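Notes for the structure review
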Amino acid sequence: QEYYGTSEQIDLEKEDYERMIKQGKSFVVISYASVCNSQILDFVETFSEENDIAFNFINWAKLRETDAAETIKYPPTVFIVEKGKIRAYLDSDSDEDTEKYNNYEAFSAWLKENLSL
């Protein structure tokens, strides 16, 4: 609930992410490499503004030092944490998720399907 009503982009450090996981929080994260120019970054910004929901951003180098790296292998990714557990994520190495990385409507539909807006 604390992420609704704002389109703020929150930069996380590794320690912030781990604390939120330990506290059993629910939130959305995008992680990317420093030189990422994927349009998924634009999709996140558009979705955030259209739906008035904040996203957390964490650099891939920081995320891969957390337990999330056991599940998510490649950047960029968007993932949903529910009560401290990764519930859904986009896999940039998966043919199944290719359309979500390249088509805003597919990306938006995936998020709406996985979030309680």
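Each chain has its residues counted from 1, running along the sequence as written. Local features in this predicted model are restricted to residues of pLDDT 70 or higher, and side-chain atom pairs are both shown and tallied only at a pLDDT of 80 or more, whereas totals for entire chains, interfaces and linings draw on every residue. Side-chain measures were taken over the full set of non-hydrogen atoms in the model, leaving aside hydrogen atoms and water.

Turning to helix α2 (residues 40-51), a few remarks are in order. With 12 residues, α2 extends 16 Å between its outermost C-alpha atoms, agreeing within 8% with the 16 Å of an ideal straight helix rising 1.5 Å per residue. Whether two residues are in contact is decided by their heavy atoms, any of which lying within 4.5 Å being enough. Elements are defined by DSSP. Helices are runs of H or I of four residues or more, strands are runs of E of two residues or more, and each kind is numbered from the N terminus. The inward-facing, buried residues of α2 abut β2 (27-32), β3 (55-59), β4 (77-82), α4 (98-102) and α5 (104-114). Trailing α2 by a residue or two, aspartate 52 shows a phi angle of about 50°, which is positive. The span you would expect from a helix comes to 1.5 Å times its residue count less one.

The working definition used for a salt bridge is a side-chain nitrogen of Lys or Arg within 4 Å of a carboxyl oxygen of Asp or Glu. Going through the model one piece at a time under the given rule, you end up with five salt bridges. For lysine 62, the salt bridge identified is with glutamate 13, shortest N-O distance 3.0 Å. Here lysine 62, found in helix α3 (residues 60-63), pairs with glutamate 13, found in the loop between β1 (9-11) and α1 (14-22); they are 49 residues apart in sequence, far enough to count as distant. Partly exposed describes any residue whose relative accessible area lies between the buried limit of under 20% and the exposed limit of over 50%, with all areas from a 1.4 Å probe on protein chains only and scaled to the type maximum. With a relative accessible area of 37%, glutamate 13 lands in the partly exposed category. A salt bridge links arginine 87 to glutamate 82; the shortest N-O distance between them is 2.7 Å. Overall, arginine 87 belongs to the partly exposed group, its relative accessible area being 40%. Judged by relative accessible area, glutamate 82 falls into the partly exposed class, the value being 38%.

Just distances and angles here, no functional claims.
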